[in-house]
Amino acid sequence: MISWAENGHARFPETLEAIWSQVGRACRMGITGPPGAGKSTLVNELARMIREEESTVGILAVDPSSPLSGGALLGDRIRMEDRTADSGVFIRSMASRGSHGGMARAAVDAMDVMDAFGMHDVLVETVGVGQAEYDVVAAADTVLVVLCPGAGDGVQAMKSGLLELADVIAINKCDLPGADRLTSDMQEAVHLRTAGRDKWASPVVQCSAGKREGVEDVLVAVKSHRDHLSDTLPDHRRQKRIQQVRQVVGERLDESLWMKGNFGDQVEAMLCSGITPYAAARRVTQNLLKSAQENQSSEFQA
Amino acid sequence: MSERRIRVLVAKPGLDGHDRGAKTVASVLRDHGMEVIYTGLHKTPAMIAEIALQEDVDVVGLSILSGAHMELFPRVRQELVDRGLDNVLMVGGGIIPGDDMQVLEKDGFAKLFGPGTNTDSIAEYIQTEISKRWAAEEAQA
Ligand SMILES: Nc1nc2c(ncn2[C@@H]2O[C@H](COP(=O)(O)OP(=O)(O)OP(=O)(O)O)[C@@H](O)[C@H]2O)c(=O)[nH]1
Ligand SMILES: [Mg+2]
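In this text, all values refer to a predicted model and were calculated from it rather than measured experimentally.

Asks: Hey, could you go over the interface of chain B and chain A for me, with residue numbers and the actual values?
Replies: Contacts between the two partners involve 27 residues from chain B and, on the opposite side, 26 residues from chain A. Of the roughly 2,300 Å² buried between chain B and chain A on both sides combined, carbon and sulfur atoms contribute 49%. Across the pair Glu-6 of chain A and Arg-7 of chain B runs a salt bridge, and its minimum N-O distance is 3.3 Å. Summed over the shared surface of chain B and chain A, the number is eleven residue pairs in polar contact (both at pLDDT 80 or more). Mapped by element, the contributors of at least two residues to the side of chain B that touches chain A are helix 1 (20–31), strand 2 (35–38) and helix 2 (45–55) of chain B. Residue contributions to the side of chain B that touches chain A peak at five residues, all from helix 2 of chain B.

Asks: Give me the lowdown on the sheet that holds strand 2 of chain B, citing residues and values where you can.
Replies: If you trace the six strands from one edge of the open sheet to the other, you get 3(A)-2(B)-1(B)-3(B)-4(B)-5(B), paired in parallel fashion. Each end of this open sheet is capped by a strand with a single partner; those strands are strand 3 (72–74) of chain A together with strand 5 (111–113) of chain B. Averaged over all adjacent pairs, the angle separating strand axes in this sheet is 20 degrees, with direction ignored. Taken strand by strand, helix 2 of chain B contacts strand 1 (7–11), strand 2 and strand 3 (59–64) of chain B, and its axis lies near 160 degrees from that of strand 1 of chain B. Taken strand by strand, helix 5 (residues 119–140) of chain B contacts strand 3, strand 4 (89–94) and strand 5 of chain B, and its axis lies near 170 degrees from that of strand 4 of chain B.

Asks: How would you summarise the pairing of strand 3 of chain B if you had to cite specific residues and measurements?
Replies: All names here are of chain B. Across the six residues that make up strand 3, a large majority, six, are buried. Two elements, strand 1 and strand 3, share four bridges in a ladder whose sense is parallel. Following the sheet pairing, Ala-11 is matched in strand 3 by Leu-62. Examined bridge by bridge, strand 3 and strand 4 share six bridges and lie parallel to one another. Opposite Leu-62, over in strand 4, you have Gly-92 as the bridge partner. With helix 3 (residues 69–82) bridging strand 3 and the parallel strand 4, this β-α-β connection has right-handed handedness.

Asks: Before we move on, could you go through the domain arrangement of chain A and cite the residues and values that matter?
Replies: Residue and element names in this part refer to chain A. Looking at the assigned domains, one finds that chain A contains domain 1 (2–230) and domain 2 (241–301). Facing the ten residues of domain 1 at the interface are five residues of domain 2. For the pairing of domain 1 and domain 2, the buried interface totals around 550 Å² over both sides, and the portion due to carbon and sulfur atoms is 41%. Here domain 1 is connected to domain 2 by one salt bridge. When the shortest N-O distance is used, the salt bridge between Asp-112 and Arg-241 registers 2.8 Å. The tally of links between domain 1 and domain 2 comes to one residue pair in polar contact (both at pLDDT 80 or more). Looking at which element gives the most residues to the side of domain 1 that touches domain 2, the answer is helix 5 (residues 102–116), with six residues.

Asks: I'd like a description of the site of ligand 1, backed by residues and values.
Replies: Residues and elements named next belong to chain A. Neighbouring ligand 1 are 18 residues; Lys-39, Ser-40, Thr-41, Arg-79 and Asp-175 lie closest to it. A distance of 2.8 Å separates an oxygen atom of ligand 1 from a polar backbone atom of Ser-40. Residue Ala-209 places a main-chain N or O atom 3.1 Å away from an oxygen atom belonging to ligand 1. Isolated, ligand 1 exposes 660 Å² of accessible area, and the fraction of that covered by the protein chains is 74%.

Asks: Which residues make up the packing of aromatic side chains, and what are the values?
Replies: To describe a pair of aromatic rings, one takes the distance between the centres and the angle between the planes. All names here are of chain B. If you walk through the whole model with that rule in mind, you get one aromatic pair over all chains. Between Phe-113 and Tyr-125 the ring centres are 6.0 Å apart and the planes differ by 75 degrees, which places this aromatic pair in the edge-to-face class. One end of the pair, Phe-113, is in strand 5; the other, Tyr-125, is in helix 5, with twelve residues separating them in the sequence. For Phe-113, a relative accessible area of 9% gives the class buried. The ring centre of Tyr-125 lies 5.9 Å from the NZ or CZ of Lys-111, which sits over that ring.

Asks: How would you summarise the environment of Glu-133 of chain A if you had to cite specific residues and measurements?
Replies: The residue Glu-133 of chain A is located in helix 6 (residues 131–138) in this model. Between the C-alpha atom of Glu-133 of chain A and that of Lys-260 of chain A, which follows or precedes it by 127 residues, the distance is 29 Å.

Asks: Can you lay out the pairing of strand 6 (residues 142–147) of chain A for me, pointing to particular residues and giving the numbers?
Replies: Residues and elements named next belong to chain A. A large share of strand 6 lies buried, amounting to six of its six residues. Of the two faces of strand 6, both are covered, the one formed by Thr-142, Leu-144 and Val-146 as well as the one formed by Val-143, Val-145 and Leu-147. Here strand 1 (residues 27–32) pairs with strand 6 via four bridges, running parallel. Each bridged residue has a counterpart across the sheet, and for Gly-30 the counterpart in strand 6 is Val-143. Sheet analysis places strand 6 next to strand 7 (residues 168–171), joined by four bridges and oriented parallel. Across the sheet, the residue bridging to Val-145 is Ile-169, located in strand 7.

Asks: Summarise the layout of surface pockets; cite the residues concerned and give the values.
Replies: Here the idea is plain: a probe the size of a water molecule rolls over the atoms and shows the empty space left. Considering only enclosed or pocket space, the largest pocket measures out at about 740 Å³ in volume. Forming the boundary of the largest pocket are 25 residues, of which Arg-4, Asp-56, Asp-58, Trp-134 and Glu-137 of chain B lie nearest the centre. Per element, the largest residue contribution to the lining of the largest pocket is five residues, and it comes from helix 5 of chain B. Looking at side-chain class alone, the lining of the largest pocket contains eight nonpolar, six polar and eleven charged residues. Computed from the structure, the second largest pocket encloses a volume of approximately 590 Å³. Lining the second largest pocket are 24 residues, with Ala-139, Lys-240, Arg-241, Gln-243 and Gln-244 of chain A positioned closest to its centre. Of all elements in the fold, only helix 5, helix 6 and helix 11 (233–261) of chain A reach the threshold of two or more residues within the lining of the second largest pocket.

What counts and what doesn't
- Residues numbered from 1 in each chain as written.
- Chains lettered and ligands numbered in written order.
- Predicted model: local features only at pLDDT ≥ 70, side-chain atom pairs only at ≥ 80, totals over all residues.
- Heavy atoms only, no water.
- Contact = heavy atoms within 4.5 Å.
- Buried area = accessible area lost by both parts, 1.4 Å probe.
- Salt bridge = Lys/Arg side-chain N within 4 Å of Asp/Glu carboxyl O.
- Polar contact = N/O pair within 3.5 Å; in protein donor to acceptor, adjacent residues only side chain to side chain.
- Helix = DSSP H or I, 4+ residues; strand = E, 2+ residues; numbered from the N terminus.
- Pairing = 2+ DSSP bridges.
- Axes fitted to C-alpha atoms, helices over the stretch in contact; angles between N-to-C directions.
- Buried < 20%, exposed > 50% of the residue type's maximum accessible area, 1.4 Å probe, protein only.
- Right-handed = clockwise from strand over helix to strand, strands pointing away.
- Domains from an automatic or database assignment.
- Near = heavy atom within 4 Å.
- Areas by Shrake-Rupley, 256 points an atom, 1.4 Å probe, with all protein chains shown as cover.
- Phe/Tyr/Trp six-rings, centres within 6.5 Å; stacked < 30°, edge-to-face > 60°.
- Lys NZ or Arg CZ within 6 Å of the ring centre and 35° of its normal.
- 1 Å grid on protein atoms, 1.4 Å probe; cavity = no way out; pocket = protein on both sides within 12 Å on 5 of 7 lines; lining within 4 Å.
- Points joined across faces, edges and corners; volume = space filled by probe spheres on them.
- Nonpolar A, V, L, I, M, F, W, Y, C, P; charged D, E, K, R; others polar.

The structure is reproduced here in structure tokens:
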């Protein structure tokens, strides 16, 4: 079923409908951060800890597709090896298949499927490199951003917008030098963003996932965010679903208006006549809106 | 909307610790547009089949250099069948003597590749085999 979601299979929507009443029970955690920060290692440790509480865990690990061949090497699983033998853990690797929104949609669908099939916790890992990857983790209840010393200073994390996304910040590889500095930088950044405002102040937690140290503190911080959401969780989730609907609407419009409308030739002609891309876009949009209106009024008459 | 891509699990069962070959094949397949899940060393047949199930792969590729191929290949096949994954294409590589190769290929094994095989031909073989299967699936549906 996850494959259907990934391939945009025509029967996915009706299948989702059949299990929809079961969706919404799982706690969803999104994990992102720069390449090599230790996300997969941390996910593996978190999963181990959650399993000790006798919960089941679904893990979705998204890795980039090669822009050249479209293929992908999905290697997050290597760091999650010792979870493979555990029947309470379901791990699925997914390739990002280009930057188009389809990836984010497929990933959310996959989380819904794991949720419906009874996973208590669903963890999704993406590399924090682009909008589509952000969209995936942003669909989770709690976003955990993983940073580590040595991979640039905290300023980069702030610039990339990662911090705005973070509900919890984990400073991983605290066995390495520079961790304390990074931690205090991040604490300061969070403080600047939230001080005096009625906003969630993302806790900054130190850990060394590779050494199994501090991981329980990360889990505690995630749970405190979940507690903080408590009553507002349904609303929080609905807001995220609105984004999902908006995205699917965009895709459907693209499909049914743009792709079927065969505008390629028209636009080519317009561009040959020397008008700017904006002028061409304006004409196309106006034509589309006009024909949509006409369709509507003819439906009224029918 | 999005197209279907061939998903391949590249796995190393057994005890030998050399995965250069497996990694090379994995990246060649990636360069041919496939989505390759690489598992790391020392997997048991049951683990490999379990991963194949979770990842819903079309192909399982095994790399065995330890000489235990006559034991490991059939066990992986059995674990796959136990999980209802009869349809998964199996390919294998490693140092496998010609006689063994014949026996294994007969036992419901799609294809084995010895050392020095042109890696592109592995990719081409997989592509041809899988497109046949997908076409058959579609004809059924
Ligand atoms: N020193 C140290 N190294 C660690 C720690 N945790 C993970 N690592 C190492 O960091 C490297 C990257 O770990 P991964 O878990 O694969 O990182 P990732 O963020 O998932 O990487 P990508 O998915 O490729 O972006 C590995 O070599 C780990 O062994 C830690 O606590 N301390
Ligand atoms: Mg990873």
